[in-house]
Amino acid sequence: MNKPSTSTQTAPRARAPLSAVIITRDCAGPLRTCLASLRFCDEMLVVDSGSRDDTVSVAQAMGARVLHQDWLGFGPQKQFAVSQAAHAWVLCVDADEEVSPELRASIEAALGAPSHDVYACPRRNHFLGRPLRHGEGYPDWSVRLFDRRRARWSDDAVHERVITPSAVGRLRGDLLHHSAEQLQTYLAKQERYTDLQAARLHAAGKRAGLIRMLLAPAMRFVKFYVVRLGFLDGWPGLVHVTIGCRNSYRKYAKLRRLARG
């Protein structure tokens, strides 16, 4: 059942009403910029899973409605947040992301006369202080705007995705990802992701042979660094692709370890 918004923004309603949805934990630093870029939405909903910093107070000060939900995993957590939104159309963003002015205009135009139930936007990643324009860092098409009656988040604990039977439209303008993590922190997070990926594959009965474990990283490097011109992003591009290849190897190595018990 839809819940009334406590953070409705005053704007002309020439389009379908829109809820911006963000899940958070200990992300007070980037959250202010994120929410400032979402003021055009009719509701800003933040679902927090137990922040120990100022995340909740920052969200409230910026006019967001804040709910608490213990951590369920990325997919289930985002789906819970979507289910609590006041409006059928939702825009899902992360706390360290920002909607560019061009993307905002594209969103509002799409909602003025929707031709699709689901839309993807290009996501521009900043890595080691530089925006990535090639490789797997861009355009990194991500489904973020959708009618929740026609789509939902998957139950994946990591690398969650939007599931829909509908065709996916594309928006203009970038969703800006401002990762301020140190390299060591980024690597630790990627290691946790490979743990979750391996566990998910193992639970689904998947197996990984030695050849796949060794070949997958090499193929990934050729695809993103050579074919998709990751080398044009300089040193940050090389590091970004190399970490992706490492993740591929670690995922399958952990899957083999789980298979051996």
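The notes below deal with the structure included here. (Residues numbered from 1 in each chain as written. Predicted model: local features only at pLDDT ≥ 70, side-chain atom pairs only at ≥ 80, totals over all residues. Heavy atoms only, no water.)

Regular strands place side chains that alternate from one sheet face to the opposite one. Burial along strand β6 (residues 118–121) is two-sided: Val118 and Ala120 facing one way and Tyr119 and Cys121 facing the other are all buried. Note: β6 against strand β9 (residues 142–147), four bridges, orientation antiparallel. By the bridge assignment, Val118 is partnered in β9 with Phe146. Note: β6 against strand β12 (residues 168–170), three bridges, orientation parallel. Within β12, the position partnered with Ala120 by the bridge is Arg170. (Buried < 20%, exposed > 50% of the residue type's maximum accessible area, 1.4 Å probe, protein only. Helix = DSSP H or I, 4+ residues; strand = E, 2+ residues; numbered from the N terminus. Pairing = 2+ DSSP bridges.)

Moving on: helix α7 (residues 234–259). In an α-helix, one turn spans 3.6 residues, which is why side chains three or four residues apart end up on the same side. Its 26 residues place the ends of α7 38 Å apart at the C-alpha level, agreeing with the 38 Å of an ideal helix rising 1.5 Å per residue. Following α7 by one or two positions, Gly261 has its phi on the positive side, about 80°. (Expected span 1.5 Å × (residues − 1).)

Our next topic: the environment of Ser51. Here Ser51 is to be found in the loop between β2 (43–48) and α2 (55–61). On the basis of relative accessibility, which here comes to 18%, the residue Ser51 falls in the buried class. Put simply, Ser51 and Arg25 are 26 residues apart on the chain and 4.6 Å apart in space, counted from C-alpha to C-alpha. When near neighbours in sequence (up to four residues on either side) are disregarded, Ser51 contacts Thr24, Arg25 and Asp26. A polar contact is formed between the side chain of Ser51 and the backbone nitrogen of Asp26, at a distance of 2.7 Å. Among the polar contacts made by the side chain of Ser51, one reaches the side chain of Asp48 at a distance of 2.5 Å. (Contact = heavy atoms within 4.5 Å. Polar contact = N/O pair within 3.5 Å; in protein donor to acceptor, adjacent residues only side chain to side chain.)

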